[in-house]
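As a plain string of letters, each chain reads:
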Amino acid sequence: MTIGPMKRNNIIFGVAWLVLMSTSLQAGQESLAGLMARLAKHPQREAFFIEKQHASYLDSPLTTQGILRAIPPDRLEKIITVPESIKQVIAGNRIILSQNGVTLREISLTEMPVLGVTINTLRAVVFGNIEYLGKTFNQTFEYHNHHWSLLLVPIKQQVKDQIKSIRVSGVNDKISEFVLTESNGDFTTTRLYEHQIK
C-alpha cells in the first residue's frame with residue numbers, strides 16, 4: 001500500500017513527533033518557556049497514536065495507527081502498525097524508512113532544506129529547544145482553565161509555501177490532539193494515547 005507522496009509523508013512524519021511533549025505542563029503554569037525547559041529534562045517516552053490524513057487526492061481520510069517514540073538527545077521513531085508495518089526513524093540529519101527490517105530509503109535532511117527545517121523544528125519542540133523553535137516559527141501559546149494550545153506559524157516563505165500552521169492542544173499535562181495544516185488546505189490530525197516508559 002502506498003501511503004502518499006514521499007515529501008508529504010515525511011512532513012507528516014515529522015509533525016507527528018509533537019504529540020510526545022506531554023509530561024510537564026502543570027495547572028496554573030502558563031509559560032511556553034517554562035514548558036520547553038521541562039521538556040528538555042524529560043526521560044525516554046513513547047505514545048500510541050491514531051492519525052487521519054485529509055487530502056484533496058484522497059476519496060476518504062487515510063488512517064494510520066502505531067507507536068511514537070522519543071529517545072534523547074535527538075532520535076525519533078514512528079512505528080506504523082495499521083494499515084501496514086512501516087518504521088520511520090530520524091537519527092541525526094537522516095530519515096530512514098524500513099519495513100520488516102529492510103531499509104527502503106534513506107533521506108538526508110541537508111539535501112531537502114524545507115523538510116530539514118521542518119523536521120529539526122519539530123524535533124526541537126519534542127526535546128524542549130525553544131531557541132531553535134523561535135528561529136523558525138512564530139509561536140502563540142494559550143492557556144485557560146487547564147486547557148492549552150500551541151500554534152506554530154512558519155516565518156520563512158520557503159517553509160510557508162508548504163506548511164500553513166501546526167497546532168498542538170492538551171489539558172494539564174496531556175496532549176489531546178494536534179493538527180497540521182498545509183498551504184494547499186490539506187490537513188492531518190493526530191490523537192494521542194500516551195504512557196511513559198519505565
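Since this is a predicted model, take the numbers as computed values, not measurements. (Residues numbered from 1 in each chain as written. Predicted model: local features only at pLDDT ≥ 70, side-chain atom pairs only at ≥ 80, totals over all residues. Heavy atoms only, no water.)

A. Geometry of the overall build of the protein chain. Across its full length, the protein chain carries five helices and eleven strands. Burial statistics for the protein chain: of 198 residues in total, 47% are counted as buried. Taking the contacts inside the protein chain whose residues are at least 6 apart along the sequence as the reference set, 48% of them involve residues at least 24 apart. When the accessible area of the protein chain is evaluated, it comes to approximately 9,300 Å², of which 51% is carbon and sulfur surface. (Helix = DSSP H or I, 4+ residues; strand = E, 2+ residues; numbered from the N terminus. Buried < 20%, exposed > 50% of the residue type's maximum accessible area, 1.4 Å probe, protein only. Contact = heavy atoms within 4.5 Å. Areas by Shrake-Rupley, 256 points an atom, 1.4 Å probe, with all protein chains shown as cover.)

B. Representation of the environment of T121 within the structure. Within the secondary structure layout, T121 lies in helix α3 (residues 113-126). You can call T121 buried: its relative accessible area is 0%. Measuring from C-alpha to C-alpha, the distance between T121 and L133 comes to 5.5 Å, with twelve residues separating the pair along the chain. Residues within four places of T121 in sequence aside, it is in contact with Y132, L133, T136 and F137.

C. Summary view of the nonpolar core. In this structure, L32, L133, F141, L152 and I166 are the most contacted members of the largest nonpolar core, which totals 17 residues. Sorting the residues of this core by element identifies α2 (32-39), α3, β7 (137-144), β8 (147-154), β9 (163-171) and β10 (174-182) as the ones contributing at least two each. The next biggest cluster of nonpolar side chains, apart from the first, holds eleven residues, and it includes I95, I107, V126 and F127. (Core = buried A, V, L, I, M, F, W, Y, C linked by side-chain atoms within 4.5 Å.)

D. Structural view of the pairing of strand β2 (residues 62-71). With respect to burial, β2 is a largely interior element, seven of its ten residues being buried. Where strand β1 (residues 45-54) meets β2, nine bridges bridge the pair, whose relative direction is antiparallel. From the neighbouring strand, A47 faces β2, where its bridge partner is L68. Inspection of the sheet shows β2 paired to strand β3 (residues 75-82) by seven bridges, in the antiparallel sense. Each residue of the ladder has a partner; that of R69, found in β3, is E77. Between the end of β2 and the start of β3, which pair antiparallel, lie three residues. (Pairing = 2+ DSSP bridges.)

E. The pairing of β3, seen in detail. Examined bridge by bridge, β3 and strand β4 (residues 86-91) share five bridges and lie antiparallel to one another. Paired with I80 across the two strands is I86, which belongs to β4. Joining the antiparallel neighbours β3 and β4 is a turn of three residues.

F. Main features of the pattern of salt bridges. Scanning the model with the defined rule gives five salt bridges in all. R69 is the partner of E77 in a salt bridge, and the nearest nitrogen-oxygen pair spans 2.9 Å. Overall, R69 belongs to the buried group, its relative accessible area being 19%. Note on E77: relative accessible area 5%, which makes it buried. Through salt bridges that share partners, E46, R69, R75 and E77 make up one connected network. (Salt bridge = Lys/Arg side-chain N within 4 Å of Asp/Glu carboxyl O.)

As far as function goes, none of this settles anything; it's purely spatial.
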